[in-house]
Amino acid sequence: MNGYKIWRSATILGMLRNPAYKGQAAFGKSRKVERRGKSKQRVKISVRNTDEDSWIYIPVPKIVDEGLFNKVQKQLDENRKRARMQRGKETSLLQSLVACQNCDSAYSSVHHRSGEKTHSYYRCGGTICITDGEKKCNNKLVRADMLETAIWEEVKSVLKNPEMIKKEYQRRISENKNELLDERFARRESQLKQSIKELINDYYIQ
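As recorded by an unreviewed UniProt entry, the chain carries the name Recombinase family protein and is attributed to Wolbachia pipientis.

Structural data, given as structure tokens:
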């Protein structure tokens with residue numbers, strides 16, 4: 001078998017994001033844009049991604065179930081949102097695992113040095129100025145030691161209560177089953193509508 005022995009992460013991500021695997025090949029996912037350099041006579045071509053609303057879908061044989069594909073998309077979005085971005089040598093226990101209650105952005109760690117001491121905090125990602133200089137959140141910094149201690153105490157209380165873990169596990173299983181049932185009903189409904197449409201067309205043709 002020809003090809004690389006090790007696949008790049010970008011290649012795998014492209015496969016996981018490709019709707020063709022669930023039976024819908026998409027066209028128009030990117031477009032070429034002309035850019036003029038410093039010399040007006042020289043034109044550069046760059047490729048930019050387009051919005052999914054403008055994609056054109058064509059039915060193709062599916063490889064994976066649509067429900068599984070959609071779950072993967074949700075997980076990828078969650079991974080991206082909670083990505084553990086390690087900057088520098090100093091790391092933090094809850095890096096990007098805590099979400100802001102105000103704007104739902106992930107918290108990242110920041111470290112301030114005062115002489116020989118280093119003070120660690122968690123900062124909401126929404127408090128960082130974006131390109132237009134605006135912030136979407138005004139939550140203050142949280143001391144890392146206080147937050148980590150509070151989280152650890154909560155974890156210990158949960159571990160001491162196996163029944164709570166069991167109930168939460170059963171609840172999540174039940175939710176997943178309901179999602180699968182809804183998807184199956186939706187597919188069946190679509191198939192029935194298509195069958196009725198074909199019957200009506202056959203009736204008028206006769």
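Trainee: Describe the overall build of the chain, listing the residues and the values that go with them.
Mentor: Helix and strand counts for the chain come out as four helices and seven strands. Put simply, the chain has 206 residues, and 16% of those count as buried. Summed over its atoms, the accessible surface of the chain is roughly 17700 Å², and 53% of this surface lies on carbon and sulfur atoms.

Trainee: Go over the layout of surface pockets, please, and point to the residues and values.
Mentor: Its boundaries defined by the atoms lining it, the largest pocket holds a volume of some 570 Å³. Around the largest pocket sit 20 residues that line it, and Arg17, Pro19, Glu52, Trp55 and Gln73 are the ones nearest its centre. Of all the elements in the fold, those that place two or more residues in the lining of the largest pocket are α1 (9-17) and α2 (66-81). Tallied by class, residues from the lining of the largest pocket come to six nonpolar, eight polar and six charged.

Trainee: Let's hear about the packing of aromatic side chains: which residues, and what values?
Mentor: Counted by the stated rule, this structure contains one aromatic pair. Ring geometry for Trp55 against Tyr57: centres 6.3 Å apart, planes inclined by 55°, an arrangement best described as tilted. Relative accessible area serves as the criterion here: at 17%, Trp55 is assigned to the buried category. The lysine or arginine in question, Lys29, covers the ring of Trp55, its NZ or CZ lying 5.9 Å from the ring centre.

Trainee: How would you summarise the environment of Pro61 if you had to cite specific residues and measurements?
Mentor: Within the secondary structure, Pro61 sits in the loop between β4 (56-59) and α2. In this structure Pro61 comes out as exposed when scored by relative accessible area, which is 73%. Expressed as a C-alpha distance, the spacing of Pro61 and Gly23, which sit 38 residues apart in the sequence, is 5.2 Å.

Trainee: Quick rundown of a nonpolar patch on the surface? Include the residues and the values.
Mentor: Where nonpolar side chains cluster on the molecular surface, the patch consists of Ile151, Trp152, Val155, Leu159 and Ile165 and spans about 450 Å² of accessible area. It is helix α3 (residues 144-159) that provides the largest number of residues to the nonpolar patch, a total of four residues. Mapping Ile151 onto the fold places it in helix α3. We classify Ile151 as partly exposed; its relative accessible area is 34%.

Trainee: Please give an account of unusual backbone geometry that cites residues and values.
Mentor: Only a minority of non-glycine residues have a phi that is not negative, and only a minority of peptide bonds are not trans. At Asp104, a position not held by glycine, the phi torsion is positive, near 70°. For Asp104, the position within the fold is in the loop between α2 and β5 (107-114). Asp104 gets classed as partly exposed once you look at its relative accessible area, which sits at 37%.

Trainee: How would you sum up the state of the cysteines? Please name residues and give values.
Mentor: Scanning all chains against the criterion turns up zero disulfides. Cysteine Cys103 shares no disulfide, and the gap to the nearest cysteine sulfur, in Cys124, comes to 3.4 Å.

Trainee: Before we move on, could you go through the confidence of the model for the chain and cite the residues and values that matter?
Mentor: Reading predicted coordinates in detail is not appropriate for stretches of low pLDDT. This prediction gives the chain a mean pLDDT of 76; 71% of its residues lie at or above 70. Within the chain, helix α4 (residues 162-205) has the poorest average pLDDT of any element, 69, and strand β7 (residues 142-143) the best, 91. Residue range residues 84-89 is modelled with pLDDT below 50. Its contacts to residues more than four positions away, or to other chains, number nine contacts.

Trainee: I'd like to hear about the nonpolar core, residue by residue, with values.
Mentor: Core analysis: the biggest nonpolar cluster contains nine residues, these being Leu94, Val98, Cys100, Tyr107, Tyr122, Cys124, Cys137, Ala144 and Leu147. When near neighbours in sequence (up to four residues on either side) are disregarded, Ala144 contacts Ser120, Tyr121 and Tyr122.

Parameters at a glance
Residues numbered from 1 in each chain as written. Predicted model: local features only at pLDDT ≥ 70, side-chain atom pairs only at ≥ 80, totals over all residues. Heavy atoms only, no water. Helix = DSSP H or I, 4+ residues; strand = E, 2+ residues; numbered from the N terminus. Buried < 20%, exposed > 50% of the residue type's maximum accessible area, 1.4 Å probe, protein only. Areas by Shrake-Rupley, 256 points an atom, 1.4 Å probe, with all protein chains shown as cover. 1 Å grid on protein atoms, 1.4 Å probe; cavity = no way out; pocket = protein on both sides within 12 Å on 5 of 7 lines; lining within 4 Å. Points joined across faces, edges and corners; volume = space filled by probe spheres on them. Nonpolar A, V, L, I, M, F, W, Y, C, P; charged D, E, K, R; others polar. Phe/Tyr/Trp six-rings, centres within 6.5 Å; stacked < 30°, edge-to-face > 60°. Lys NZ or Arg CZ within 6 Å of the ring centre and 35° of its normal. Patch = residues over 30% accessible without salt bridge, like charges linked within 9 Å, V, L, I, M, F, W, Y side chains within 5 Å. Salt bridge = Lys/Arg side-chain N within 4 Å of Asp/Glu carboxyl O. Disulfide = S-S within 2.5 Å. pLDDT = per-residue confidence, 0-100. Contact = heavy atoms within 4.5 Å. Core = buried A, V, L, I, M, F, W, Y, C linked by side-chain atoms within 4.5 Å.

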